[in-house]
Amino acid sequence: MNKQLNPIQQQEKQSPGRLGTFAGVFTPSILTILGIILFLRLGYVTGSGGVGRALLIVAIANVITILTSQSLAAIATNLKVKGGGDYYLISRTLGVEFGGAIGIVLYLAQSVSVAFYCIGFAEALSAMLSPDFFLSSRLIAMLAVASIFVLAWLGADWATKFQYVVMILLVAALLSFFIGGIPRWQGHIFLANWSPDGVPQPFWVIFAIFFPAVTGFTQGVSMSGDLRDAGKSLPAGTFMAVGLSILVYLAVVIVFAGVLPNRVMMEDYQAIKLVSRYDFLIDAGVIAATLSSAMASFLGGPRILQSLAADKIFPILSPFAKGSGATNNPRRAVLLTSAVAVGVILLGQLNMVAGIVSMFFLISYGLLNYATWYEAHSESPSFRPRFRWFNKYLSLLGCLVCVGVIFALDLEYGLVAMAILAAIHQYVKSKAVPARWADSGRSHAMQVIRRQLLSTFGEPEHDRDWRPNILVFTKDSERRPHLLRFADWIGGTTGIISAVTLLEGSGLQVAKQKDAALGELNSCIRETGLKIFPLVVSGQDIVQTTETLLQGYGIGPLKGNTVLCNWYGETMTSFPGLTTMRYGSTLRLAFHNGYNLVVFHVDPLRTEHLLDPDKKERLIDVWWNNDASSRLMLLFAYLMTRSDLWAQASIRLLAVGESSDLAENITLVEQQLDDARISAQPVLVPDMRPETVIAQSGGADLVFLPFRIRKSMLTDTGGLSLERVLTRLPPAALVMAARDIDLDAEPEEGAAGQLAEALDTLHDAEKRLAKAMEQHQKNEKKLLAVEEQLAALTDSQNAAAREKIENQRGEIEHEIEESFRKEVREQTKVNEAMKQLKKLEDNKHKPDS
């Protein structure tokens, strides 16, 4: 049976690449690089800037080409490169938004370049012809577009044959230049030309004149779809073209500078004829250079557009995806390219467009370098380029150099070009175009996650860092949307939420049920538009499976801390197969594993107003006991006001207190709210009995209530059943905190502050110990000096003097004893401080219980 091919495979089978490295990459690249700048502007660059600056300009320009070439070599040998060249490489690495933006600007830059080169051809030809020639430069340029259009229409094979003719003419012109210049080269002229005559032109003005010469080194990349082996041909052909062009440009600058004075090169754009042996070969070279560059752009631009259209990023471009013939020649795109070129020629405003187009090329080189660094920096196992001399930091350097040159050349044009690119990027992003390929974004994000997890693992936990990471246990599809929305309200913009479905059993049957349950979760999450992760877990025993999940959920410092489920009156909606007693036991199990408990009760008949976007006035009641659960409820209520639906909601804090001390109690609660930096209205209530709760909160939109687990039953704080209360309340969340969160935690508090204090204590103890040891050493030296004095006394000397020295020795010995005892005490303090520090360090790395 024949294997069915998808459309892409069919297209590849119908359009196999035919071109090799020389014809498909080296030839179009070298012919575009050795263009009109070489023949008509390199002499001016040398004369106006001097040999030293001219060589520096060539070097800086080619730093960009070399760095970008190594990036190109790496990324081209890591992917199976298809049609589209630069666009394909950037889009498959940075994603559809960057791909769409760079694809449009690259195509326009290539299309406009066709017009530039044809105008250059027309001006060069007009200078060779009689001033009375009947055709204007504009008409000659349009005829050139028409001629090249024919070759592009016939296909890359015909265009390549034409390029061989052009290459022969270019080689002949260069040989004529060197044959004429080398015998006339003189050292003293070269040295005289090292610096410019008079006031030199600004460096970046001269650089801007030269830089378009090197922008053609990626022309071969645009032919990627026509190559037999793009992975091998692109790096080899590009490096060959770049290397040879560097040698040619350096050699031409050196020969120019040793034959003609700076003034002549500055004043005569055709100074190359003054050096060349045969003038007519230079004329032929100029014509060949302009036409070859135009042809390379005419071949590359349509293929970028074809690849962009095939990716369906912009539906309006879809017709241009169709190719013709066995080589899939993009004839429709060729037609559009010729129309753009003719339009630019007729428009005539070339200087402004030329500046922006140069910026587009620089931006594409910068993005190509950035894409390669981005791919490598993600440390993805799939990044395995065959190019062995790749270094990701060189790619990053290439990107930075491109950005620097953009702003050095022309800040205004650079900003305009980047603004156009950014506008297209945002347009594609706003349209939420589905990607038809896997880019490096996810791999890079995973590497960032890994790096951040490792960096936070060594840091002590602090109440200021606390976020609700919620495990939502859900099984009933009818009640699931309300539960997931509530989870999103209390943690959606801050924490991480996982929707968990538990299944009992094992084997193939449960495996099928897991797939179905996962599909249901994904469907519900998509329909509600919530940022929640689905998770389905199965096991023989639900309680044991739950405990294993609670202990193992998370990675590194990112652990679950809150369990959310439905009220146990709807047991099947959270934990399947559990009785009411086992339900309470399972919640207690979660509590002992360090999870805060939140039980959500909602009457489906009373939920319409909850999701009404037009309802602005909403009320959240929090029943306050000034304990850990109260603070957690207050925090959840505040987090709800961060969501769009509850942004205008008011929070009311209902605290139990004596009416006789009303003012004092209210002041106390207000102070606590002020410390917590949460706006809420304190209300004093006599008690938290069921009838009081119903009377006070019956008109609220959502109620937070504390609860307890007593004998595996869920009760209020007074031990009374919650059944009667919940049925007469609006949606209610029962909360039981596993740990206390300090809502007014200072940065210096907690483990970090304790570590800092312990370090300070150790440092002070070490300073005191060092001082005590120094004093002890001084006393020992004093004792040694006194004993030497005693030894020097003779029996005949004054007995009073001996007695005086003896007394001094006694005092010093006493001081030595004291300093020794002090040294021991300080050493003990240092040891104790080190033990305390080690204890804190060990606790810092202990897993949460």
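Residues numbered from 1 in each chain as written. Predicted model: local features only at pLDDT ≥ 70, side-chain atom pairs only at ≥ 80, totals over all residues. Heavy atoms only, no water.

**Q** Just give me the short version of a negative patch on the surface, but keep the residues and values in it.
**A** A cluster of acidic residues, Glu 787, Glu 788, Glu 813 and Glu 817, forms a negative patch at the surface. Counting residues per element, the ones that place at least two in the negative patch are helix H28 (750–792) and helix H29 (799–844). Assignment of secondary structure puts Glu 788 in helix H28. Judged by relative accessible area, Glu 788 falls into the exposed class, the value being 52%. (Patch = residues over 30% accessible without salt bridge, like charges linked within 9 Å, V, L, I, M, F, W, Y side chains within 5 Å. Areas by Shrake-Rupley, 256 points an atom, 1.4 Å probe, with all protein chains shown as cover. Salt bridge = Lys/Arg side-chain N within 4 Å of Asp/Glu carboxyl O. Lys, Arg positive; Asp, Glu negative; His and termini not counted. Charge placed at Lys NZ, Arg CZ, Asp CG, Glu CD. Helix = DSSP H or I, 4+ residues; strand = E, 2+ residues; numbered from the N terminus. Buried < 20%, exposed > 50% of the residue type's maximum accessible area, 1.4 Å probe, protein only.)

**Q** Let's hear about helix H14 (residues 279–310): which residues, and what values?
**A** Note on helix geometry: an α-helix contains 3.6 residues per turn, so any two residues three or four positions apart are oriented the same way. Taking 1.5 Å of rise per residue, 32 residues should cover 46 Å, and H14 covers 47 Å from first to last C-alpha, within 8% of that figure. Burial of H14 is extensive: 27 of the 32 residues sit out of reach of the surface. Just downstream of H14, Lys 312 is the residue with a positive phi angle, here 60°. (Expected span 1.5 Å × (residues − 1).)

**Q** Can you lay out the packing of aromatic side chains for me, pointing to particular residues and giving the numbers?
**A** Per the stated rule, a full pass over the model turns up 26 aromatic pairs. Look at Phe 207 and Phe 211: their rings are 5.7 Å apart centre to centre, the planes differ by 20°, and that puts the pair in the stacked class. Each member of the pair Phe 207 and Phe 211 is classed as buried. A network of ring pairs unites the aromatic residues Phe 203, Trp 204, Phe 207 and Phe 211 as a single cluster. Over the ring of Trp 646 we find Arg 618; its NZ or CZ atom is 5.0 Å from the centre of that ring. (Phe/Tyr/Trp six-rings, centres within 6.5 Å; stacked < 30°, edge-to-face > 60°. Lys NZ or Arg CZ within 6 Å of the ring centre and 35° of its normal.)

**Q** How would you explain empty space enclosed by the protein if you had to name every residue and give the values?
**A** Going through the model one piece at a time under the given rule, you end up with three cavities of 30 Å³ or more. Within this model, the largest cavity holds a volume of roughly 80 Å³. Lining the largest cavity are Met 688, Pro 690, Val 693, Leu 705, Pro 706, Asp 716, Thr 717, Leu 722 and Val 725. Taken together, the elements giving at least two residues each to the lining of the largest cavity come down to helix H26 (690–697) and strand S11 (702–706). (1 Å grid on protein atoms, 1.4 Å probe; cavity = no way out; pocket = protein on both sides within 12 Å on 5 of 7 lines; lining within 4 Å. Points joined across faces, edges and corners; volume = space filled by probe spheres on them.)

**Q** Account for the sheet that holds strand S3 (residues 533–539), with residues named and values stated.
**A** Read across the sheet, ten strands follow the order S3-S2-S1-S6-S7-S14-S11-S8-S9-S10 without closing on themselves; strand pairing throughout is mixed. Strand pairing shows two members of the sheet lacking a second neighbour, S3 and strand S10 (681–685), which therefore form its edges. Across the sheet, the mean angle separating the axes of adjacent strands is 25° when strand polarity is ignored. Examined bridge by bridge, strand S7 (residues 596–601) and strand S14 (residues 732–736) share five bridges and lie antiparallel to one another. Bridging from a neighbouring strand, Phe 600 pairs with Ala 733 of S14. (Pairing = 2+ DSSP bridges. Axes fitted to C-alpha atoms, helices over the stretch in contact; angles between N-to-C directions.)

**Q** Just give me the short version of the nonpolar core, but keep the residues and values in it.
**A** Judged by nonpolar contacts, the single largest core of 132 residues is most densely connected at Leu 38, Phe 39, Ile 102, Phe 210, Tyr 249, Phe 256 and Ile 313. Broken down by element, this core gets its largest block of residues, 16 residues, from helix H6 (residues 96–128). With residues up to four places along the chain from it excluded, the contact list for Ile 313 reads Tyr 87, Val 96, Gly 100, Leu 308, Val 428, Val 433 and Trp 437. Judged by nonpolar contacts, the second largest core, of 54 residues, contains Leu 521, Phe 600, Ala 637 and Leu 702. (Core = buried A, V, L, I, M, F, W, Y, C linked by side-chain atoms within 4.5 Å. Contact = heavy atoms within 4.5 Å.)

**Q** Give a detailed account of the packing of helix H4 (residues 42–76) against helix H17 (residues 392–409), specifying residues and quantitative values.
**A** Two numbers describe how H4 lies on H17: the axes approach to 9 Å, and their chain directions differ by 140°. Considered as vectors, H4 and H17 are oriented oblique to each other. With respect to the hand of their crossing, H4 and H17 are arranged in left-handed fashion. Packed against H4, whose contacting residues are Ile 64, Leu 67, Gln 70 and Ser 71, the element H17 presents Leu 394, Ser 395, Leu 397, Gly 398, Val 401, Cys 402 and Val 405 at the interface. Residue composition of the contact of H4 with H17, grouped by class: seven nonpolar, four polar and no charged. (Parallel < 35°, antiparallel > 145°, perpendicular 65-115°, else oblique. Left-handed = near helix turned anticlockwise from the far one by under 90°. Nonpolar A, V, L, I, M, F, W, Y, C, P; charged D, E, K, R; others polar.)

**Q** I'd like a rundown of unusual backbone geometry, residues and numbers included.
**A** The residue Lys 312 is not glycine, and still its phi comes out positive at about 60°. Relative to the helices and strands, Lys 312 resides in the loop between H14 and helix H15 (331–347). Phi is positive for Asn 328, which is not a glycine, with a value near 55°. Among the structural elements, Asn 328 can be located in the loop between H14 and H15.

**Q** Run through the side chain of Thr 65, naming residues and quoting values.
**A** Of note, Thr 65 is situated in helix H4. Judged by relative accessible area, Thr 65 falls into the buried class, the value being 2%.

**Q** Lay out the side chain of Thr 93 with the relevant residues and their values.
**A** Structurally, the position occupied by Thr 93 is in helix H5 (residues 86–94). We classify Thr 93 as buried; its relative accessible area is 0%. Engagement of the side chain of Thr 93 in a polar contact is seen with the backbone oxygen of Leu 89, the distance being 2.9 Å. Leaving out residues up to four positions away in the same chain, Thr 93 has contacts with Ile 75, Ala 371, Tyr 374, Glu 375, Asp 439, Ser 440 and Gly 441. (Polar contact = N/O pair within 3.5 Å; in protein donor to acceptor, adjacent residues only side chain to side chain.)

**Q** Go over the packing of helix H20 (residues 480–491) against helix H21 (residues 508–528), please, and point to the residues and values.
**A** Axis angle and axis distance: for two packed helices, these are the angle between their axes and the distance between the axes, and together they describe the pair. Look at H20 against H21: their axes get within 11 Å of each other, and the N-to-C directions meet at 60°. With respect to H21, the element H20 is oriented oblique. With respect to the hand of their crossing, H20 and H21 are arranged in right-handed fashion. Contacts from Arg 480, Pro 481, Leu 484 and Arg 485 of H20 reach H21 at Glu 520, Leu 521, Cys 524, Ile 525 and Thr 528.

**Q** Go over the confidence of the model for the protein with me, naming the residues and quoting the values.
**A** Averaged over all residues, the pLDDT of the protein equals 84, while 90% of them reach at least 70. Looking across the protein, the model is least confident in helix H1 (residues 7–14), with a mean pLDDT of 43, and most confident in S11, with 95. For residues 1–15, every residue scores under 50 in pLDDT, and the model assigns this stretch twelve contacts once sequence neighbours within four places are set aside. Across residues 845–849, where pLDDT falls below 50, the model places five contacts with residues more than four positions away in sequence or in other chains. (pLDDT = per-residue confidence, 0-100.)

**Q** Explain the pattern of salt bridges residue by residue, including any values.
**A** Scanning all chains against the criterion turns up eleven salt bridges. Here Asp 311 ties to Arg 92 by a salt bridge, and the two come within 2.7 Å at their closest N and O atoms. Placement of the pair is Asp 311 in the loop between H14 and H15 and Arg 92 in helix H5, with a sequence separation of 219 residues. The pair Asp 311 / Arg 92 is uniform in exposure class, with both members buried. Residues joined in a network through salt bridges with shared partners are Arg 689, Glu 691 and Arg 724.

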